[in-house]
Amino acid sequence: MRALLYSGLVVLYLLHNDWWLWNRDGRVFGLPVGLAYHVAYSLLIVVWMALMVRFLSPAGEPAAGAGESHGGDDG
Amino acid sequence: MTLAIIVIYLLVVLVVGLLSHRLSSNSGEGFFVADRSIGPFVLLMTLFGTNMSSFAILGASAQAYHLGIGVFSLMASSTALVVPVLIFFIGTRVWELGKRHGFLTQIQYFRERWQSEALAVVLFVVLVALLIPYLLIGVMGGGITLHQITGGQVPEWVGSLAVSAVVVVYVCVGGMRGTAWVNTLQTLVFMTLGAVTMIVVLRSFGGLGAALDLVAERRPELLRESAAFRPLQLLSYTFIPLCVGMFPQVFGQWLSARSVAAFRVPVIFYPLCVVLVWMPSVVLGVLGNIDFPDLVGPQANSVLIQLIAERTPQMLAGLLGAGVFAAIMSSLDSQALSLSTMFTQDIMRRYVFGQQMSQARQVLSGRLFVAAVLAVTFGLSLILKRSIFGLAMWSLTGFAGLLPVLLAALFWRRSTAVGAIAAVATVVSLWLYFFWRGWGNPGYSVLDSGVMSVTVIFAASSLALVVGSLLSRPPEREIVETFVS
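Residues numbered from 1 in each chain as written. Chains lettered and ligands numbered in written order. Predicted model: local features only at pLDDT ≥ 70, side-chain atom pairs only at ≥ 80, totals over all residues. Heavy atoms only, no water.

### So, the confidence of the model for chain B
Residues and elements named next belong to chain B. Scored by pLDDT, chain B has a mean of 88; 97% of the residues are at 70 or more. Taken element by element, chain B is modelled with least confidence in helix H2 (residues 28-33), mean pLDDT 73, and with most confidence in helix H18 (residues 453-470), mean pLDDT 96. With pTM at 0.89, the complex prediction returns an ipTM value of 0.87. (pLDDT = per-residue confidence, 0-100. Helix = DSSP H or I, 4+ residues; strand = E, 2+ residues; numbered from the N terminus.)

### Overview of the interface of chain A and chain B
The interface is formed by 48 residues belonging to chain A together with 51 residues belonging to chain B. Interface area, chain A with chain B, both sides summed: about 4400 Å², of which 68% is carbon and sulfur. Applying the counting rule to chain A against chain B returns two salt bridges. Salt-bridge contacts for Asp25(A) lead to Arg224(B); the nearest nitrogen and oxygen are separated by 3.0 Å. For the interface between chain A and chain B, the tally reads 16 residue pairs in polar contact (both at pLDDT 80 or more). When residues of the side of chain A that touches chain B are traced back to their parent elements, those giving at least two are helix H1 (2-16), strand S2 (31-32) and helix H2 (33-55) of chain A. Among the residues forming the side of chain A that touches chain B, the class breakdown is 26 nonpolar, 15 polar and seven charged. (Contact = heavy atoms within 4.5 Å. Buried area = accessible area lost by both parts, 1.4 Å probe. Salt bridge = Lys/Arg side-chain N within 4 Å of Asp/Glu carboxyl O. Polar contact = N/O pair within 3.5 Å; in protein donor to acceptor, adjacent residues only side chain to side chain. Nonpolar A, V, L, I, M, F, W, Y, C, P; charged D, E, K, R; others polar.)

### A word on the packing of H1(A) against helix H5 (residues 70-101) of chain B
Their axes nearest at 11 Å, the elements H1(A) and H5(B) cross at an angle of 165 degrees. With respect to H5(B), the axis of H1(A) lies roughly antiparallel. Seen from above, H1(A) lies across H5(B) with left-handed handedness. Facing Tyr6(A), Leu9(A), Leu12(A), Tyr13(A) and His16(A) of H1(A), the residues of H5(B) in contact are Ser73(B), Ser77(B), Ser78(B), Leu81(B), Val85(B) and Phe89(B). Of the residues contributing to the contact of H1(A) with H5(B), the split by class is seven nonpolar, four polar and no charged. (Axes fitted to C-alpha atoms, helices over the stretch in contact; angles between N-to-C directions. Parallel < 35°, antiparallel > 145°, perpendicular 65-115°, else oblique. Left-handed = near helix turned anticlockwise from the far one by under 90°.)

### Quick look at the environment of Leu185(B)
All names here are of chain B. Its location among the elements puts Leu185 in helix H8 (residues 156-205). Classification of Leu185 by relative accessible area gives partly exposed; the value is 24%. Between the alpha carbons of Leu185 and Val42 there is a distance of 9.4 Å; along the sequence they are 143 residues apart. Apart from residues lying up to four places away in sequence, Leu185 is in contact with Val12, Val13 and Val16. (Buried < 20%, exposed > 50% of the residue type's maximum accessible area, 1.4 Å probe, protein only.)

### Quick notes on the side chain of Ser330(B)
Residue and element names in this part refer to chain B. Here Ser330 lies in helix H14 (residues 314-352). The exposure class assigned to Ser330 is buried, which follows from its relative accessible area of 0%. When residues no more than four places from it in sequence are discounted, the contact partners of Ser330 are Gly49, Thr50, Met52, Asn183, Gln186 and Phe190.

### Brief notes about the pattern of salt bridges
Residues and elements named next belong to chain B. By the definition in use, this model includes nine salt bridges over all chains. In this structure, Arg219 and Glu221 form a salt bridge, with 2.6 Å as the shortest nitrogen-oxygen distance. Here Arg219 falls in the partly exposed class, since its relative accessible area comes to 25%. Classification of Glu221 by relative accessible area gives partly exposed; the value is 28%. Close ionic contact of Asp448 with Arg230 constitutes a salt bridge, the shortest N to O distance being 3.3 Å. Of the two residues, Asp448 is situated in the loop between helix H17 (417-438) and H18 and Arg230 in the loop between helix H9 (208-218) and helix H10 (231-237); the sequence distance between them amounts to 218 residues. Residue Asp448 is classed as exposed on the basis of its relative accessible area of 56%.

Okay, here's the thing in structure tokens:
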């Protein structure tokens, strides 16, 4: 799973370079096609990051005593 | 009416910042990193708000005015990918190291990681020098906003002074917790009002389709990405958002998180926030060509505000102007606080008071430096008039070039202080060279290839770090084991 998710980041980076749309006219959902693509791309990243968080532990599990609240802010 | 709404908004911001003071301990850790207690939602809002400055609002719309929709591709979507990845892999590690060792600044971390006073001093100077232009665009943006939103009645210096003064007050009183609370408010304000602005302005044109049809008649190239960049430029622009990893203000916010779990919400939702802010800025910047077709260079810094003043009811214009102020101040406060933290902890406490600085004195020093930094920046704003986007790019390029230093500190056991200093020296040298080459040439790229100078600087600093490390004595194993898992 880790390899898949990391590979996905590489694919996402490659997909960012939408040279095939570079000089294209046309609209998608009312937006110029290049703008629509990158908006959709950004929303895809939300999904991928959710998968990263779900399946991969962030680095550095809290050490003993770490992460305890000191009357912290809500949220 | 417009001015009254903005004044009321600034008062609300002040109250929120002042109230935050009640929850902070009166200690250095309370003032500088909010007692390491910031939860996930506030962490998202403050991280995002910090990075969405007048650059993302005024600068983006100005750049889109000139170059079209491709500005979103260049900056927004690359930011949407790079920043969450940085938070996920780097932010969480920084938090854990900060919690374990009690760091309050980047400089403390780098000094301890490589046991080098020389590196700490060099980095301090460079980070401060790079942050000043970023502060400047915030103060400038405040002046431009108030001047334009009031139809030119209020001089620019008044707006610049207003944002500087308000930020000084609530940062001095509330420290990191004050900035976090205010940033949460301000981020919600400018995200909401940005969307409202876009909807109201589009409706005044008869809808998105009708507005874009008008642009297509007059400036069709703005609706294609090719107006904004060449392919290699798009590829190399993804290096720019790497700057976030070395921002002192972001480092401080990472240290302020309550737990590693608090990073989950920012990692997931940061890209959504990018879309909600950048899309209105870019679209409205492009539409500015309809009403204001003759803006040249930095004149476009005010195109968003001019559109708001032209096409929205007066009361809404005031609210929207407040939204722009929100974006500006949400960056200015954390930048000023981070400089203050660095000065207090890394200079005053380290070299003047020899670690014997009382908590009260640390807080006082922090407050005085916030006021001094913003006073100097306000003074600079009176004499320097440059493109907001251009100033930001140079600042961001320098920070991005320094990221290899942080990556090596976190992940490469063999890295040394010599390597890190070599990397910093390389960044400074190349930054000055490319700044000189690009002076007066907004479209400058390396050898006119489309490749941004940030790519070359990043690669060169990485190489210098590797070579310098391998040619110097390996670090002590015990120290490395403490920092690199």
